[in-house]
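Examination of the molecular architecture
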There are 4 protein chains.
Amino acid sequence: MPLSGVEVAKHDNKDSCWVIVHGKAYDVTEFLPEHPGGQKIILKYAGKDATEEFDPIHPPDTLDKYLDQSKHLGAVDMSTVAAVEKVEDPEEEERQQRIKDKPLLEQCYNLLDFEAVAKKTMKKGAWGYYSSAADDEVTLRENHEAFHRIWFRPKILVDVKNVDFSTTMLGAKVDIPFYVTATALGKLGNPEGEVLLTKAAKKHNVVQMIPTLASCSFDEIVDAAEGDQVQWLQLYVNSDRKITQRIIEHAEKRGCKALFITVDAPQLGRREKDMRSKFEDQGTNVQSGQTTDNSQGAARAISSFIDPSLSWKDIPWFQSVTKMPIILKGVQRAEDVLKAIEVGVQGVVLSNHGGRQLDFARSGVEVLAETMSVLRELGLENKIEIFIDGGIRRATDIIKALCLGAKGVGIGRPFLYAMSAYGLEGVDRAMSLLKDEMEMNMRLIGCTSVDQLNPSLIDTRNLGSHVTPVPRDSLGHTVYDPLVPPSFKPPKSKL
Amino acid sequence: MPLSGVEVAKHDNKDSCWVIVHGKAYDVTEFLPEHPGGQKIILKYAGKDATEEFDPIHPPDTLDKYLDQSKHLGAVDMSTVAAVEKVEDPEEEERQQRIKDKPLLEQCYNLLDFEAVAKKTMKKGAWGYYSSAADDEVTLRENHEAFHRIWFRPKILVDVKNVDFSTTMLGAKVDIPFYVTATALGKLGNPEGEVLLTKAAKKHNVVQMIPTLASCSFDEIVDAAEGDQVQWLQLYVNSDRKITQRIIEHAEKRGCKALFITVDAPQLGRREKDMRSKFEDQGTNVQSGQTTDNSQGAARAISSFIDPSLSWKDIPWFQSVTKMPIILKGVQRAEDVLKAIEVGVQGVVLSNHGGRQLDFARSGVEVLAETMSVLRELGLENKIEIFIDGGIRRATDIIKALCLGAKGVGIGRPFLYAMSAYGLEGVDRAMSLLKDEMEMNMRLIGCTSVDQLNPSLIDTRNLGSHVTPVPRDSLGHTVYDPLVPPSFKPPKSKL
Amino acid sequence: MPLSGVEVAKHDNKDSCWVIVHGKAYDVTEFLPEHPGGQKIILKYAGKDATEEFDPIHPPDTLDKYLDQSKHLGAVDMSTVAAVEKVEDPEEEERQQRIKDKPLLEQCYNLLDFEAVAKKTMKKGAWGYYSSAADDEVTLRENHEAFHRIWFRPKILVDVKNVDFSTTMLGAKVDIPFYVTATALGKLGNPEGEVLLTKAAKKHNVVQMIPTLASCSFDEIVDAAEGDQVQWLQLYVNSDRKITQRIIEHAEKRGCKALFITVDAPQLGRREKDMRSKFEDQGTNVQSGQTTDNSQGAARAISSFIDPSLSWKDIPWFQSVTKMPIILKGVQRAEDVLKAIEVGVQGVVLSNHGGRQLDFARSGVEVLAETMSVLRELGLENKIEIFIDGGIRRATDIIKALCLGAKGVGIGRPFLYAMSAYGLEGVDRAMSLLKDEMEMNMRLIGCTSVDQLNPSLIDTRNLGSHVTPVPRDSLGHTVYDPLVPPSFKPPKSKL
Amino acid sequence: MPLSGVEVAKHDNKDSCWVIVHGKAYDVTEFLPEHPGGQKIILKYAGKDATEEFDPIHPPDTLDKYLDQSKHLGAVDMSTVAAVEKVEDPEEEERQQRIKDKPLLEQCYNLLDFEAVAKKTMKKGAWGYYSSAADDEVTLRENHEAFHRIWFRPKILVDVKNVDFSTTMLGAKVDIPFYVTATALGKLGNPEGEVLLTKAAKKHNVVQMIPTLASCSFDEIVDAAEGDQVQWLQLYVNSDRKITQRIIEHAEKRGCKALFITVDAPQLGRREKDMRSKFEDQGTNVQSGQTTDNSQGAARAISSFIDPSLSWKDIPWFQSVTKMPIILKGVQRAEDVLKAIEVGVQGVVLSNHGGRQLDFARSGVEVLAETMSVLRELGLENKIEIFIDGGIRRATDIIKALCLGAKGVGIGRPFLYAMSAYGLEGVDRAMSLLKDEMEMNMRLIGCTSVDQLNPSLIDTRNLGSHVTPVPRDSLGHTVYDPLVPPSFKPPKSKL
């Protein structure tokens, strides 16, 4: 017989804490202190239905995996559960109105347009988690702006009637040289989560990298793939290597074609925008003066298992447990690419984790230029596949990376934004736009295939320039009286 | 007997589509799928008078050329045609008011002033077409800003009483070293179209380059020339070379003095501002949620015939069909200038198509500096005439280009803006202002003729600097409390 | 018997045009076409009292010098002259209110503060004339900003108890290494005009350079000097060399100690801000559509006599007519400083005329760095006295110039602004503030006299950097969601 | 018998001026002309209770030290003293409201957040004193922004499970490589003053440098230290060396571990923001037109005793009177570091006094890069301990400085702001946040102890770049029509 809501509701405190998820009750009293996201957020739902809060953050198999079966209390008669009274929230009402009024999908002409729509239609906390980055978010922005310091030297009078920008990455044939890189918590943007990205990747024949911190379970994402669709696995290494081994072996068995080990995140970043949005969310009912839990944002909540002791010494072990090619994701200096070649991995992603880890880390594309110059000098440029991610928004960005020597680029946030704003059609259109831009710009640079892209087609002299203008003298700029265009006659007064 | 409006009005759909243009009816049913601008826009006028929409986009001979005579249905009794009911459009009313209130022509002191007036007085779609450029419009703006990285090293105590800035371009004597470069769809700005520019060019003795995509017919533009006025032909090469040959031979017969082959546009650019303005124009009646045609803006509509396979191999053929000097328009790297010399053409225009094609293409003036340095090293600087266009707004810009080694510069948009805002007098004044500035600045730099202009008069060390400042830390700049000038006493309260 | 106002008022047109100045009538009918400022402005006062308009633009001896005695009609009975009816001008009323509310003089702590007050309290036309510069006013601003690319390398632990920043310029002992440079039309800012500056210069023991285009007569300015106060003469060379010779000889006789020949102004600049302010002033009553005179601003009006043929060949003549040291004002490249040494003049002012002539001329301080490096290489650094002007606003600017090798610097506009805002006390305080800053900063850089200032005390590596940041991608910067500081609680609603 | 308020109140003028401080009366008539802060401010309180104004500016032993005992008039019966009638001050009321509404301490996530809160909650004059800097405050801002020109080259796959960022400075073991540097007038921010910082330093095991110009007395600050807590002494050298000697000997006796001699302040800076805030404070009752005392801000008021003749020759004397290690604070060029080594001091602080002295002095971190490169070339890098201060706001800033070669960094204003906004808990949290950031970023750069930090981990190529962008052409930027994201439907009108 199912439990009644009234019964569950009694266990609404620290000493006895039950919660309902998807119609079943769980006793999490003992689990409280271990919850990576802190006790506070669970206690908020003690005795109540936590499904809506639970879903975007946790894959569906979480409770089976991490909560002992003895704590699974069984089905609840949901008709007896008091509906959580929704507080009227004028902000949420305005958001709902904005969702109704949002631009037609056809009005989005580039990847940034999706971001603009997502910013206004996503929940604040979800936007905070996706968009935030480390410290002052300087690297976040530098990632894209670095591309603006690379200029083209296009060739003319090349027959560009037929342009082919397909390529091969780690053995996989793809239609265009980008892959969907791993990003956490897809359900924050869309209830379907990462599976939606699987479908879009299939449609456009590009690779999807499956994140360790997905909101869908790994198997759901793999099951969503069709035919010979290629997927890669992104791995946060667990302090408990047995868990890690199980994950790798399972992924290989399910057909994953490559293993991307994240090496730039021994600890997940402090992201103040995310922290602030979480605080403000949870802090609204807090009485003035009372201290609240020092919320650390979603990033900390989900990452406590990551092993900060992971080092070069561990690489042979990975090579021993899998036949998948191994790629180090998050390399940030040429010296470490040389080491990667030495230890025999198949690839590196020059990346700073989308600016979410170390602020003032250099952009992937700048590290790429440094790296290729070293590799070419040593004759090693073909010993390893090099990818970059971070800041790619235009096909010109992709072309610049390939001219420098990258095999392909990873794109993350833009697809999350497209998905959050318009679902699968949004991602579909985002990828189509990139293909449109790609065809156009390959023609305009005078190349008909990606193997023709080479350093002579770009001017990178300024790529390493990180200048901050001298602070302006406020007085001087305040008193300067700028030139203005000629005036139109002022409107007549209405008398 | 003329057709009646009622009869025409019956053919208002896909299956039978007639339109009226300049008092004559045409059956375009079969032509619908071939229309470069898409079916949608024609169907909007099915059974109706389309003249107003037709005119700025199509030269008058278009229907004769492209629609079989059997589809020409003859005259319509226009008195029987129901007038298109004009929807009251508050935006258009405001624009009409702005036109009434616009500044006097005499208040325009430089080319940018015309642009400011045009921006407020042109139709949104026309402004969108003229002002838009590729992707993020970075190259569009860089074209002008590159000149701001060139500084003068003027000579003093030179007798500059008599200053002569006339010169010769491709054999033509001109009063000032600029020419009116080819720009499409002149009638969007003024009903007289390109012919108006012909008259202004005559008055100021400068060359006009006739665009392939003019709204006036080629012959109208040539007919408008007077005396020994020099005109050049700008050519988009058609996939059907016979058409191209006919155009070239006709131009030569009509007296054109040079052939400028556009080489930077195998496909016309994606211009998002243009796309957005078209979408908003056509999309206003679309019901929420309904999908609309993916409008691509005017650029795509008019350019489907351009041959993307055009290559260096085609140059000898051009040389075989004409005696006009051949100039490649849109060269973007020194290597291709060397090739141009090798294949024996007479000139190149270092240009990125006004920023409308490949974003992050470098400015013409930067490519000029690169090119001249290579040519001088090889002793080839006199083997070819080099022009630039893009971003020229001041006589100082012209002087900088000539100091570097250009024979002359092309100016496009500024004259379109002057024409759109003030008609022929506008263009006349724009050219006069340039001459005023030219005289002044030749004196101030200490030169009395253009052949005295040379690289020692400028400082170009920073021309190749493409820097983006490090992203600002928002927090730091938000909390800084800037110095302010001393306060005036606050106004007394009115009590 | 004096003329009556009624009589004069009859001559109110082109065919017979009389005007009253300082109580006397003049027949200017024949002079109309020769008036450097155009006919229009005279005709506005035809038959009326023009004194108020006449005074700031013309030295008192103008009519005696330039209008034949036969046209001097004699005294007018001013009681019979109809008062010019003042149109109520809300802008002027607001300005008068601002003058009443202006900050106390003691609230001005630096030279820019005076400019801020002047901007709000001066008449629009006067502000336009003083503050305007050539074309886009880029050089105007660069003049000051160039100093911001020079940084200090101060010495510590130097005994700086006694700091002496007096120096010698062209033989004159001065208290601080700046001089009041020549600026035109002082009465636009204050009815006393240049004589006010003479008094301030005396008080602070600095040199005043007397402008050719002063509103006071030359003799008035010399008469205002006291004791052994040193004055120099700034000279625009007249096409009629006899006039020039007369001016020079008179100046020498009256005790001027040096002759500064302006060499950067063969034609006075187009200053659009000035032109626009003049147009708007005169254009207000013009009916829509009617064309008005193309006003060129005050600069053109007063400068038509300047000889654009002046050249190096003329220098020996100047040397033959005067024993005063000769200084070329407006040199802009090292090569011309070498020439100046060669022809044997005593000094140069590296100057671009306050940014009023050629836009994109480099700053004086940048040309100084270039020049001194050349001179030192050739061992010529002591052969000539080198001054700069343009953009000096702080004692640190003066110190930077002296570290580079200048003997002194000229300051112009700041004193005009101080004078316009606060009269003599304003200029007095401005000079005092500079002395305060000078004492402080000499100590802080670790020098006790100006001869200790040397290049090792500054870092000029970036002085030649003229960068324009890559144009921003508007979309990217629009969608970025910047970090903000924590929020204060919102104010309670007033219910 | 105590004095009565009525009696004291009689002495309210220049000729007989008594003031009450902490319940005692003092006759300061003869002291008036000697008061470093000017007579004016004392006369404002003549005959009244001046305690509130006196306290933040003067250590409690001031009157004992500087006013002869004969002028100490003894206790006052405070019940008879007329309360100073507080003028209602709407600004102060608004500030009090802001203090009530200020963010919770937990909402501050970084050092800049405290500054944002302090700016809105501090008294205007106190904010002015703390936040102001020299001239245009360019160096103030450059201090922080210089760090933005240093980028990281992090190492990956380093075992960073255990991170230890403790270090040793001048023999003292500290938990994190920063110290609380000396800043004046702590009681302006919090009534407890510097003693509060002593407590925070103890809690986090960092060194506090005791300022000469503290509001607490030296002994109060030393008394507040606990256990083996390390304190250093910052010294302004008095013209009277006997006083200086007394201070040094006393400090050594009380256990201070190092002597930091300030060498960048022979005269305290002009800080216009401070001057302006003081003026406005005192000037409010001044009638229009009447001149007021030329207030110089707090800095001048408290510093008149500093000896501007201090020089290298004095160093041996300091070495003779103390055994404490001597550190020169305010060195600004590599040459002077070499001299410091030569004269045998133990350390230098590369500092520009927080931008408060010489504007356009370079940042400490830039001088550090210059210095270390010279020292390493000469093999002297271990001969002296090098510190920097100025602009440190993030742990990444600290890490950058240590990578370059600093032993530690001084932090001043941020702790003042934290203290002003939130008292001791504020400073505690500020230090905790720095430790959080430090741990995170040590891991992310791939180092487990501070001795692993080295120059190869950073990219400093742009550190010396001081660029000012070319002034923008206002017209061009005004007329440019930027791209915008797609529009949301406009809100329905409310009809």
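Residues numbered from 1 in each chain as written. Chains lettered and ligands numbered in written order. Predicted model: local features only at pLDDT ≥ 70, side-chain atom pairs only at ≥ 80, totals over all residues.

Labelled according to an unreviewed UniProt entry, chain A appears under the name L-lactate dehydrogenase (cytochrome), originating from Neoarthrinium moseri. Of the comments in the UniProt record for chain A, the one headed Subcellular location (unreviewed entry) reads "Mitochondrion intermembrane space". Regarding chain A, the UniProt comment filed under Catalytic activity (unreviewed entry) reads as follows: "(S)-lactate + 2 Fe(III)-[cytochrome c] = 2 Fe(II)-[cytochrome c] + pyruvate + 2 H(+)". (UniProt positions renumbered as here; feature names shortened; annotations may be inferred.)

A word on the overall build of chain A. Helix and strand counts for chain A come out as 19 helices and 17 strands. Computed over its C-alpha atoms, the radius of gyration of chain A comes to 25 Å, within 12% of the 23 Å expected for a compact globule of 495 residues. By its C-alpha atoms, chain A is 85 × 80 × 45 Å across when sized along the principal axes. Split into buried and exposed, the 495 residues of chain A put 55% on the buried side. (Helix = DSSP H or I, 4+ residues; strand = E, 2+ residues; numbered from the N terminus. Rg over C-alpha atoms; globule rule 2.2 N^0.38 Å. Buried ≥ 20, exposed ≤ 12 C-beta atoms within 10 Å, placed from the backbone.)

So, on to the interface of chain B and chain C. Listed by partner, the interface residues are 49 residues for chain B and 55 residues for chain C. For the side of chain B that touches chain C, the elements supplying multiple residues, two or more each, are helix H8 (138–145), strand S6 (151–152), helix H18 (413–445) and helix H19 (474–479) of chain B. Looking at the side of chain B that touches chain C, the element that brings in the most residues is H18 of chain B, giving seven residues. Looking at the side of chain B that touches chain C residue by residue, the classes come out as 20 nonpolar, twelve polar and 17 charged. (Contact = placed C-beta atoms within 7 Å. Nonpolar A, V, L, I, M, F, W, Y, C, P; charged D, E, K, R; others polar.)

This part is about the relation of the copies chain B and chain C. Mapping chain B onto chain C calls for a rotation angle of 90° and an axial translation of 0.1 Å; the resulting RMSD is 0.1 Å. On this basis, the relationship between the two copies can be described by a four-fold rotation axis. When each C-alpha of chain B is compared by its distance to the rotation axis, Pro469 of chain B comes out closest, at 4.6 Å. Here only 18% of the interface residues in chain B have copies in chain C that are interface residues too; the copies meet through unlike faces. (Least-squares fit on C-alpha atoms with pLDDT ≥ 70 in both.)

Residue and element names in this part refer to chain D. In spatial order, the strands read S1-S5-S4-S3-S2; together these five strands make up an open sheet with mixed pairing. Two strands in the sheet have a free side with no partner beyond their single neighbour: strand S1 (3–4) and strand S2 (12–13). Where S1 meets strand S5 (residues 72–77), two bridges bridge the pair, whose relative direction is parallel. Within S5, the residue paired with Ser4 across the bridge is Asp77. (Pairing = 2+ DSSP bridges.)

Further remarks concern the sheet that holds strand S2 (residues 12–13) of chain B. Hydrogen bonds between backbone atoms are what pair the strands of a sheet, whose relative direction is either parallel or antiparallel. Residues and elements named next belong to chain B. Read across the sheet, five strands follow the order S1-S5-S4-S3-S2 without closing on themselves; strand pairing throughout is mixed. A single partner strand is all that each edge strand has here, and the edge strands are strand S1 (3–4) and S2. As defined by bridge partners, S2 adjoins strand S3 (residues 16–21) across two bridges and the pair is classed as antiparallel. Paired with Asn13 across the two strands is Ser16, which belongs to S3.

To continue, consider the relation of the copies chain A and chain C. For the pair chain A and chain C, the superposition axis carries a translation of 0.0 Å, the fit reaches an RMSD of 0.1 Å, and the rotation angle comes to 180°. What the rotation and shift describe, once combined, is the action of a two-fold rotation axis. The C-alpha atom lying nearest the rotation axis in chain A is that of Pro469 of chain A; the distance is 4.7 Å. The overlap is high: 100% of the interface residues of chain A also sit at the interface in chain C, so the same surface is used on both sides.

All right, on to the packing of helix H6 (residues 111–121) of chain D against helix H18 (residues 413–445) of chain D then. Between two packed helices, the angle of one axis relative to the other and the distance separating the axes together describe the packing. All names here are of chain D. Where H6 contacts H18, the axes come no closer than 8 Å and their chain directions differ by 125°. One way to sum up the angle between H6 and H18 is to call them oblique. The element H6 and its partner H18 pack so that their crossing is right-handed. Judged by residue contacts, Leu111, Phe114, Glu115, Val117, Ala118 and Thr121 of H6 engage Pro414, Tyr417, Ala418, Ser420, Ala421, Gly426 and Ala430 from H18. Residue classes in the contact of H6 with H18 are distributed as nine nonpolar, three polar and one charged. (Axes fitted to C-alpha atoms, helices over the stretch in contact; angles between N-to-C directions. Parallel < 35°, antiparallel > 145°, perpendicular 65-115°, else oblique. Left-handed = near helix turned anticlockwise from the far one by under 90°.)

Before going further, it helps to spend a moment on the interface of chain A and chain C. On the chain C side, the residues contacting the 21 residues of chain A number 21 residues. Elements with a minimum of two residues in the side of chain A that touches chain C: helix H6 (111–121), helix H8 (138–145), helix H12 (272–283) and helix H19 (474–479) of chain A.

A few words on the domain arrangement of chain A. Looking at the assigned domains, one finds that chain A contains domain 1 (3–80) and domain 2 (111–279 + 296–459). In this structure, domain 1 of chain A and domain 2 of chain A have C-alpha centres spaced 35 Å apart. (Domains from an automatic or database assignment.)

Here we take up helix H5 (residues 90–101) of chain C. Look at H5 of chain C: 16 Å from first C-alpha to last across twelve residues, which is about the 16 Å you get at 1.5 Å a residue. Where burial is concerned, little of H5 of chain C is hidden: zero out of the twelve residues are buried. (Expected span 1.5 Å × (residues − 1).)

The next point concerns the nonpolar core. In summary, soluble globular proteins display a tendency toward joint burial of nonpolar side chains. Within the largest apolar cluster, 555 residues are counted, with the highest numbers of intra-cluster contacts made by Leu368 of chain A, Leu368 of chain B, Leu368 of chain C together with Leu368 of chain D. Leave out the neighbours within four places in its chain, and Leu368 of chain D touches Leu350, Ile386, Ile388, Ala401, Leu404, Gly405 and Ala406 of chain D. (Core = buried A, V, L, I, M, F, W, Y, C linked by C-beta atoms within 7 Å.)

What follows deals with the pairing of strand S3 (residues 16–21) of chain A. For a regular strand, side-chain orientation follows a simple rule: the groups alternate between the two sheet faces. Residue and element names in this part refer to chain A. Among the six residues in S3, five count as buried, and that is most of the element. Hairpin geometry of strand S2 (residues 12–13) and S3 is characterised by an intervening segment of two residues between the two adjacent antiparallel strands. Where S3 lies against strand S4 (residues 24–27), four bridges are found, and the strand directions are antiparallel. Each bridged residue has a counterpart across the sheet, and for Trp18 the counterpart in S4 is Asp27. The loop that links S3 with its antiparallel partner S4 comprises two residues; one of these, His22, has a positive phi angle of about 50°.

With respect to the helices, strands and loops of the structure, Ala395 of chain C is situated in helix H17 (residues 395–404). Here Ala395 of chain C is in contact with Leu434, Glu437, Met438 and Asn441 of chain C, once residues within four sequence places are set aside.

With that out of the way, let us pick up the environment of Met442 of chain C. All names here are of chain C. Note on placement: Met442 falls in helix H18 (residues 413–445). The class of Met442 is buried, set by 23 C-beta atoms lying within 10 Å. As a C-alpha pair, Met442 and Ala395 span 47 residues in sequence and 8.9 Å in three-dimensional space. In contact with Met442, other than residues within four places in its own chain, are Val163, Phe165, Cys447 and Thr448.

Turning to helix H7 (residues 124–131) of chain C, a few remarks are in order. Most of H7 of chain C sits out of view: six of its eight residues are buried. Where H7 of chain C is concerned, the buried positions are Ala126, Trp127, Gly128, Tyr129, Tyr130 and Ser131 of chain C.

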